[in-house]
Amino acid sequence: MAQVLMKDLNKKYDEVHAVKDVNLHIRDKEFIVLVGPSGCGKTTTLRMLAGLEEITAGEIHIGDRLVNDLPPKDRDIAMVFQNYALYPHMTVYDNMAFGLKMRKFPRAEIEQRVRDAAQLLGIQELLKRKPRQLSGGQRQRVAVGRAIVRHPQVFLFDEPLSNLDAKLRVQMRVELKKLHNRLETTAVYVTHDQVEAMTLGDRVVVMKDGWIQQVGEPLELYAHPVNKFVAGFIGSPAMNFADVTINDTGGVVTAESQGLRLQVPPAKAGALRAYKGQSVAFGVRPEDVHIATGADPAGLTFDAVVEVVEPLGSEILLDVRAGSSTTTIVARVEPTVRSKVKDSIKLAVNPERLHFFDPKTEQAI
Amino acid sequence: MKRGGADTRLAYGLMAPALVLIIAVMAYPVAWEVWTSFTNFSVRSEGRAFVGLANYRAMLGDPLFWWALAVTIVYFLVTTTAKLALGLGMALLLARPSRLRALVFLAVFLPWAYPGGVTVVAWYWMLNPPLITSYSLVAGTLKHAVDSTLGPGAWAFVSVALFNVWRGGSFTAVFLLAGLNAIPTELFDYAALETRSAWQRLRHVTVPLLRPFLALAVFLSFTGAFADLANVWMLTGGRIVFPVIGTYAYWLGIRQGQFGEAAAWSLSLVPLLALALLVLFRWFDPPAERPA
C-alpha cells in the first residue's frame, strides 16, 4: 500500500503531446478514477505509471520511491487490462499464479494465495479451465484475481469493464468497490464511462486533451464543475446548455435568450454583472428543472413545448423547446407528471443550481 | 430435415469446382505416381510391368537410401534449428518500434524476396569461385580444411545448410513477425509487468504464444528440407556429393529415366510427412484446448 505522486508529468510522441503537466497526489488506500473522452491522455498516464510508456518529462513516485527509471516489473504494481490479457496456453490457476511463479515464490504460498483470491472472487471451480472456456465475466474475475494474488502496492485498472455487457458491468462495478473496501489497496482506474467514475472513485480526475480539468470527489465534481467541459461530461442525461445574454436592469441581473428570461440569483449576480451585455454559456442539470408551481417566483420560470417524452419508470425525461427558441432543454420530472408531446407547459429552475461559464475560457463564473 | 438435405447438396455443389481442381492437380498425379512405383517403368525397357514391391525392396536394400535419409534428417534438424533461432531473433528485433525498422526489414526480407535461382548462383560462385584469384585460394583452403576434418562431403553439407538458413531464416523471420503482430500487445505488456527477465518472457510467454506459428514454420522447413532439390542441385553443380532424398529421386527419375524407382523414393517421404503433421498438430492444437 502506498501513495502515488505525479509531478509535472508529460508525454510527447512525435506529433502528439498526449499528457500535459499532470500533477496528482493519490493518497494511500485511495481509489482514484481517471476519466475522459478517448484521446484525453488517461490511459497514457496510467501506462506511464505502470512503466509501459516512457516518461517524457516529470516525475512519478510510488510510495517513497522515484520510479521514473524503474522497469515495470520492479514497480510493485499489478495491472488489469481491458482485454484481460490472460494467457490462452495456461489454465486459470497458472494464469493467476504466473506473477508469483516468475518471482519464485514457494509453491505452497502460491497455492494459498491463488485459492484465497479464487474464493474471494467465486472462481474456485474454474481453476483448471483454459481462458477460452470462460465467459467474459469469468475472464474479468480471473484478471482481477491475478492482480490480487500479487499483493501489490498499487492496482492499475485500464478500462476493465468496457468489454462486458451492461448488466454485468453494473454487477462487477459493485464487486470491485466491495473488493477495494476490503483490500484497501491504492487503486488507479481508467475509464471513459462517467458513471463508472462517479460510482467507483473516492476521487475522480477528469481529463481532456492531455490536461487535468478537475480533481475532486464525485459529488463535488457534479455540483461544482470548474468548467463547461466537466459540467457537460459528468452527469447523465447531460447538463443543458444555452447561450444567454446578461442584462442588468436596475440592479436585477437577468440571463436572457429567445424564449428564456431568468433572474440570476444574488449569489451569482455579482460575478455575472461583469459580463453585462455579453453572451455567456448557461447550464442547468435536468433534475434542476421542474414543472412550475405557484410557489416558483416568476423570474425563475419559462414557457416550453414538449417535444419528446421518455418515461423511464422512476422518472420521466421531458425534452422541451423553450418558448419560441430552438434551444432544447431536458427536464427530469416526477413519474406522476402526465405531459404529452406538443403540450405547452411552464417549467421552473432551481436557483441554487444554475451554472454560468465564460464564453471564451469556458471556466465557471 | 428436407431443408438440411438441400443445404447439404448446395454445399457439395459449391465445393465441386475446388474438388475437381484438387483431383486434377493433386490426386491424379499422386495416384499415377503410386501406380508407377509398383511398376518397372523406365526409359531402359519397353512397356511397363507390375512388379509389386520390388522397387521398394530395392530401395530399402540400397545403402545409399539410408545414407540419403540420414543426411536429409540431419539437414532438416540443423537448418530448422538454425532458422528458428535466427528467425525468432530477427522477428523480435523487428517487432520493436524503431526508426530503422523499414531498413532492417528490407535487409531481412531481401534474401527471401530475391529470385532463388539468382541467389543460388551467387552462393555457388562465392563458394566455388569461377576465376582464379587469391579469394579462390581462400575458398579452396576452407573447403579442404572442412572436408579433411569432418569427412568428404562436409563442405557441401555446410554450404547447402548455410544457404538454406540464410534464405529460409529470413522467411521464418517474416513469418514469425506476422505471428508476433497477431498477438495482442496486452499479453506482452502483462509479461513486462510480471516476468523477471527477458529469458522468462521468451520461455513462458513469447514462445508459447507463437506456438502455432512455430509449428507451421517447422513444418514448412520439414517439407522444404525433404523435398529440397533446386538449391542442393544448383549449389552442388548437379553432383551427388550431397544426397538428400529429393535430389536422389530427381537423379533417378529425370537423369536416369528410372521412373518406377524414382517414384518409390519420392513416396518414401509420405509416412514421414504424415508423422510430422500428426506430431505438429498435436503440439500446437491439443484437443484439450479446443473450446468446450
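Placed above this text is the structure.
Chains are numbered independently. Their residues run from 1 in the order of the written sequence. Going through the entries in the order they are written, you letter the chains from A and number the ligands from 1. For this predicted model, a pLDDT threshold of at least 70 governs which residues receive local features, and a threshold of 80 or more governs which side-chain atom pairs are given and counted, while totals over whole chains, interfaces and linings are taken from all residues. Side-chain numbers come from the whole structure's heavy atoms, not from hydrogens or water.

Draft legend 1. Focus on the overall build of chain B. Numbered from the N terminus, helices here are DSSP runs of H or I no shorter than four residues, and strands are runs of E no shorter than two. Summing up its helical and strand segments, chain B has 14 helices and zero strands in all. In sequence order, chain B lays out its α and β elements as α-α-α-α-α-α-α-α-α-α-α-α-α-α. By definition in these notes, contact holds between two residues if any of their heavy atoms fall within 4.5 Å. Here the analysis covers contacts within chain B between residues at least 6 apart in sequence; of these, 67% occur between residues at least 24 apart. A 1.4 Å probe and the Shrake-Rupley method give the accessible areas. Residues count as covered only by the protein chains that appear here. When the accessible surface of chain B is split by element, carbon and sulfur atoms take 73% of a total near 16,500 Å².

Draft legend 2. A look at the sheet that holds strand β13 (residues 260–263) of chain A. All names here are of chain A. By the convention used here, strands pair only if DSSP detects at least 2 bridges between them. Here five strands make up an open sheet; going across it, the order is β13-β12-β11-β14-β20 and the pairing antiparallel. Sheet topology places β13 and β20 (355–357) at the edges, where each strand pairs with a single neighbour. This sheet shows a mean twist of 40° between the axes of neighbouring strands, independent of strand direction. Here strand β11 (residues 240–249) runs beside strand β14 (residues 279–284); their pairing, made up of six bridges, is antiparallel. Note on β14: the bridge partner recorded for Ala242 is Phe282. The convention used is that axes are lines fitted to C-alpha atoms, helices contributing only their stretch in contact, and that angles between N-to-C directions extend from 0 to 180 degrees.

Draft legend 3. Representation of the sheet that holds strand β5 (residues 65–66) of chain A within the structure. Residues and elements named next belong to chain A. Taken in spatial order, the four strands of this open sheet run β2-β1-β4-β5, and their pairing is antiparallel. Edge positions in the sheet fall to β2 (17–26) and β5, since each of these pairs with one other strand and no more. In this sheet, β5 lies alongside strand β4 (residues 57–62) in antiparallel orientation, the contact comprising two bridges. Pairing of His61 across the sheet is with Leu66, part of β5. Where helix α1 (residues 42–50) meets the sheet, its contacts fall on β1 (4–12), β2 and β4, and the angle it forms with β1 comes to roughly 115°.

Draft legend 4. Quick look at the interface of chain B and chain A. With 21 residues of chain B at the interface, the matching set in chain A holds 30 residues. Of the roughly 2,400 Å² buried where chain B meets chain A, counting both sides, 54% is carbon and sulfur surface. When a carboxyl oxygen of Asp or Glu lies within 4 Å of a side-chain nitrogen of Lys or Arg, that pair is called a salt bridge. For the pair chain B and chain A, the number of links is four salt bridges. Throughout this description, a polar contact denotes any pair of N or O atoms lying within 3.5 Å of each other; where both atoms belong to protein, one of them has to be capable of donating a hydrogen while the other can accept it, and for residues adjacent in sequence the pair is counted only when both atoms sit in side chains. Taken together, the connections running from chain B to chain A amount to 13 residue pairs in polar contact (both at pLDDT 80 or more). Here the side of chain B that touches chain A gets eight residues from one element, more than from any other, and that element is helix α8 (residues 185–194) of chain B. Classification convention: Asp, Glu, Lys, Arg as charged; Ala, Val, Leu, Ile, Met, Phe, Trp, Tyr, Cys, Pro as nonpolar; all other residues, Gly among them, as polar. Its residues assigned to classes, the side of chain B that touches chain A comprises eleven nonpolar, three polar and seven charged. Defined in terms of a 1.4 Å probe, buried area is the accessible area two parts forfeit on being brought together, summed over both.

Draft legend 5. Inspection of helix α3 (residues 63–95) of chain B at higher detail. Along its 33 residues, α3 of chain B runs 47 Å from first to last C-alpha, staying within 8% of the 48 Å computed at 1.5 Å per residue. Between a side-chain oxygen at the N-terminus of α3 of chain B and the backbone nitrogen of Leu64 of chain B the separation is 2.8 Å; the capping residue is Asp62 of chain B. Given a helix with a known number of residues, its expected span is that number minus one, times 1.5 Å.

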